[in-house]
Amino acid sequence: MSKEQIIKRLNEITSNFNFIYVLSAIVLRDFCGTLNELASKNVQEHFNNNEIRFLMGLWIRNWNPKKAYDYDDEIKTFEEVYKLMEQLHYTFIPDISEMIDNPAESPFDFFNNGLFFQETMFYSGTGAYDYQYTKWVSEKYKYDKEWLQKEKSINLDILAEFYHSIKILQQTKLNKLEFDSEETYKSKLLDVFTLTTEDIIKKNKEFLGILENFTLDLTQPQNQNFSDIGDFNILSEKPIIKLPNGNLFIPVPYDLSEAIYESPFYWMNVDKKYSSKALYNRGEIAEEITLNIIENVFGKSNSLKNLIIKKTKSTMVTDIDILAFLNDKAIIFQVKSKKLTALSKKGNLDSIRNDFKKAVKDAYEQGLTASKCLSSPNDFIFELKDNPDYDFDLKINKCFVVTIVLDDYPSITHQTHILLGKEYEEFPVALNVFDLEVVAKYLNTAEKFIDYIERRIKYSQYFKADNELGFLGFHLKKGLQKFPDSDMVALDNTWAQFFDKDYYGEISGVKKVQENLRKKIGRNERCPCGSGIKYKKCHGRNN
């Protein structure tokens, strides 16, 4: 089947209101389970967040309340959807015969096309964990707090609490879920992923203002311009779906955490009176968050922000956003707040290159210029933006460049490899702030951190991975180094899955819950998972 035929069939399937049960069954299969199950699942056999959001986007556009198939049809549809989505993935593979007739000069030319880039963006994993989004959201918008309260009735201080409250409500339902008959299967399945407004605001009445901003009404026309991968999907902004009966359908809470982190920027950008201030705040906070993470590794005295480099007192050469150093080695962190544009997500190669240039390449080349200046300190004047009298007396012999973006930038690692690999023998480590946080967590001393960055850059042509956590996972287990009889090493996603269990287990509190569960807990005591209900009715049900 062609891509057009596949999407046409998906449109037919998703026009049925009862597709909501198919969506719920998919979410239960692919996104629910114990931490061990989710961290070890075969990603090739399960949908990722983009795929399920794509299907939901089609459904909220196409649904027809007069169409409803029966239980047997739902099972057949469930199976057909997986087959169709697998076939859709194959449509991203270019015509091999054409590529044989017109071979590329190098592997970089081979992969340097819009279709391949779009595939890596859509089928890549998520760029952050939900607890990272909720951790950093209040920091990201702290300078916009007044605008959010005034224009959107959103109390920034309780955004994270709002998300986690919803997640706990759903988790409590999942813990109790038991299917006993075909007759009750559908109602129980849907109930797991639906809440009422009263359920959500019971804990805090101020949640109502937040809820309204992230909810779409299914009875109103939605996603009318959504028809293909890469199109704007309203669910990325409003992932809570209000059903005709008034209940709220929240199948993938993760999407809500992402919307909470991303959507306010777009709201502010629409406000012409405030957009310039929002953009300025965005640039400032990107550097502040990066500095916050780096100082935990290098210490405040070895982490400098906004180092200005001049040839003369009146002639500026360049500047360094963050400089972290230890003895004679330093890392230049150049921070950008550039986002991937909608045109790039649709696979437009010129747009992809342009976005990448602004997000990574320009930052890298600026870092290279700064690196040369640091190697000849006597030829330049170094000043801190906030402290012009700072006495800069560092002697740096080795300098490495790392580029940072504030948000998830899909397939940034792959794009760096392809778009810079032909031009440079070594190229930078390009990270979003969330990956930087994970790297800093596991390489928590300046020595370890510098050693990793040095190896990553040294072997940037040798190792290939879909994301930074793949490199880090391999480094923690085996060390980034050259191996005999190999010209290149490709790292699959299993190296990154280590963090789905270890890192996520810690930041989500699951590890602590598991430790508590190992202790003797009275069956009538509150469950340590935080649900608020008795242990015997929650995690103790099966013990």
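Residues numbered from 1 in each chain as written. Predicted model: local features only at pLDDT ≥ 70, side-chain atom pairs only at ≥ 80, totals over all residues. Heavy atoms only, no water.

Ordered by their spatial adjacency, six strands build an open sheet running β8-β5-β6-β7-β9-β10, and the pairing between neighbours is mixed. Edge positions in the open sheet fall to β8 (381–384) and β10 (429–432), since each of these has one partner strand only. When the angles between neighbouring strand axes are averaged without regard to direction, this sheet yields 40°. Strands β5 (303–312), β6 (315–326), β7 (329–336) and β9 (398–405) of the sheet are contacted by helix α16 (residues 275–298), whose axis makes an angle of about 115° with β5. (Pairing = 2+ DSSP bridges. Helix = DSSP H or I, 4+ residues; strand = E, 2+ residues; numbered from the N terminus. Axes fitted to C-alpha atoms, helices over the stretch in contact; angles between N-to-C directions. Contact = heavy atoms within 4.5 Å.)

Below, the discussion takes up the sheet that holds strand β2 (residues 215–217). One open sheet holds the four strands; their spatial order is β1-β4-β3-β2, and the pairing between them is mixed. With one partner strand each, in any of the chains shown, β1 (194–195) and β2 form the two edges of the open sheet.

Moving on, we get to the nonpolar core. Residues W59, F162, F214, F333 and F449 are the most contacted members of the largest nonpolar core, which totals 131 residues. Beyond its immediate sequence surroundings of up to four residues, W59 is in contact with T14, N16, F17, F19, I20, L23, L218, I241, L243 and F249. One finds M121, V360, I418 and L419 within the second-largest nonpolar core, a separate group that totals 19 residues. (Core = buried A, V, L, I, M, F, W, Y, C linked by side-chain atoms within 4.5 Å. Buried < 20%, exposed > 50% of the residue type's maximum accessible area, 1.4 Å probe, protein only.)

Within the structure shown, the criterion is met by 35 aromatic pairs. Ring geometry for Y442 versus F499: centroids 5.1 Å apart, planes at 80°, classification edge-to-face. Separated by 57 residues along the polypeptide, Y442 in helix α20 (residues 433–442) and F499 in helix α23 (residues 494–507) bring together distant segments of the chain. An aromatic cluster is defined as three or more aromatic residues linked by ring pairs; in this entry it consists of Y129, Y131, Y442, F498, F499, Y503 and Y504. (Phe/Tyr/Trp six-rings, centres within 6.5 Å; stacked < 30°, edge-to-face > 60°.)

Take a positive patch on the surface next. There is a patch of like positive charges on the surface, built from K176, R523, R526, K534, K536 and K537. With respect to the element layout, R526 can be found in the segment after α24 (510–518). (Patch = residues over 30% accessible without salt bridge, like charges linked within 9 Å, V, L, I, M, F, W, Y side chains within 5 Å. Areas by Shrake-Rupley, 256 points an atom, 1.4 Å probe, with all protein chains shown as cover. Salt bridge = Lys/Arg side-chain N within 4 Å of Asp/Glu carboxyl O. Lys, Arg positive; Asp, Glu negative; His and termini not counted. Charge placed at Lys NZ, Arg CZ, Asp CG, Glu CD.)

Let us look at the pattern of salt bridges. Counting across every chain of the model gives 30 salt bridges. A salt bridge links E287 to K305; the nearest nitrogen and oxygen atoms lie 3.8 Å apart. With a gap of 18 residues between them, E287 in helix α16 and K305 in strand β5 connect regions that are remote in the sequence. A salt bridge links K398 to E454; the nearest nitrogen and oxygen atoms lie 2.9 Å apart.

Packing of helix α9 (residues 130–140) against helix α11 (residues 159–176) leaves a shortest axis separation of 8 Å and a crossing angle of 155°. In this view, α9 runs roughly antiparallel relative to α11, as classed from their interaxial angle. Contacts between α9 and α11 pair D130, Y131, T134 and V137 from the former with L159, A160, Y163, H164 and K167 from the latter. In terms of residue class, the contact of α9 with α11 is built from five nonpolar, two polar and two charged. (Parallel < 35°, antiparallel > 145°, perpendicular 65-115°, else oblique. Nonpolar A, V, L, I, M, F, W, Y, C, P; charged D, E, K, R; others polar.)

Counted residue by residue, helix α19 (residues 412–421) has ten buried out of ten residues, so it is predominantly covered. All of the buried residues in α19 are I412, T413, H414, Q415, T416, H417, I418, L419, L420 and G421.

Tracing the sequence through the fold places N49 in helix α4 (residues 49–62). When its relative accessible area of 13% is taken as the criterion, N49 is described as buried. Not counting the four nearest positions on each side in its chain, N49 is found in contact with F31, T126, V252, Y254 and D255.

This next bit is on the packing of α11 against helix α15 (residues 253–270). At their nearest, the axes of α11 and α15 sit 10 Å apart, and the two run at 175° to each other. Comparing the axis directions of α11 and α15 gives the class roughly antiparallel. Every residue of α15 that contacts α11 at L159, F162, Y163, I166 and Q170 is listed here: P253, Y254, L256, S257 and I260.

Here the focus is unusual backbone geometry. Positive phi, normally seen in glycine, also occurs at S153, with a value near 55°. Within the secondary structure, S153 is located in the loop between α10 (145–152) and α11. Take S153: its relative accessible area is 44%, and that puts it in the partly exposed class. Backbone geometry places S411, a non-glycine residue, at a positive phi of 60°.

Since the α-helix turns once every 3.6 residues, residues separated by three or four places project in the same direction. Regarding helix α1 (residues 3–13), the residues found buried are I6, I7, L10, N11 and I13. Within α1, the buried residues cover an arc of 160° as seen down the axis, which keeps them to one side. Facing away from the buried side of α1 by more than 90 degrees, the exposed set consists of E4 and K8. (Arc of directions from axis to C-beta.)

On the surface, a cluster of negative charge is made up of D70, D72, D73, E182 and E183. Among the elements of the structure, α5 (71–90) and α12 (182–192) are those that each provide at least two residues to the negative patch. Tracing the backbone shows E182 in helix α12. Given the relative accessible area of 47%, E182 is considered partly exposed.

So, about the side chain of E454. Relative to the assigned elements, E454 resides in helix α21 (residues 446–458). Judged by relative accessible area, which is 18%, E454 ranks as buried. There is a polar contact of 3.1 Å between the side chain of E454 and the side chain of K329. Leaving out residues up to four positions away in the same chain, E454 has contacts with K329, K398 and F400. (Polar contact = N/O pair within 3.5 Å; in protein donor to acceptor, adjacent residues only side chain to side chain.)

All right, on to the pairing of β5 then. Residues in a regular strand project their side chains so that they alternate between the two faces of the sheet. Most of β5 sits inside the fold, with seven of its ten residues counted as buried. By the bridge criterion, eight bridges tie β5 to β6 in an arrangement that is antiparallel. Paired with S303 across the bridge in β6 is A324. Alignment of β5 against β8, held across four bridges, turns out to be antiparallel. Paired with I308 across the two strands is E383, which belongs to β8.

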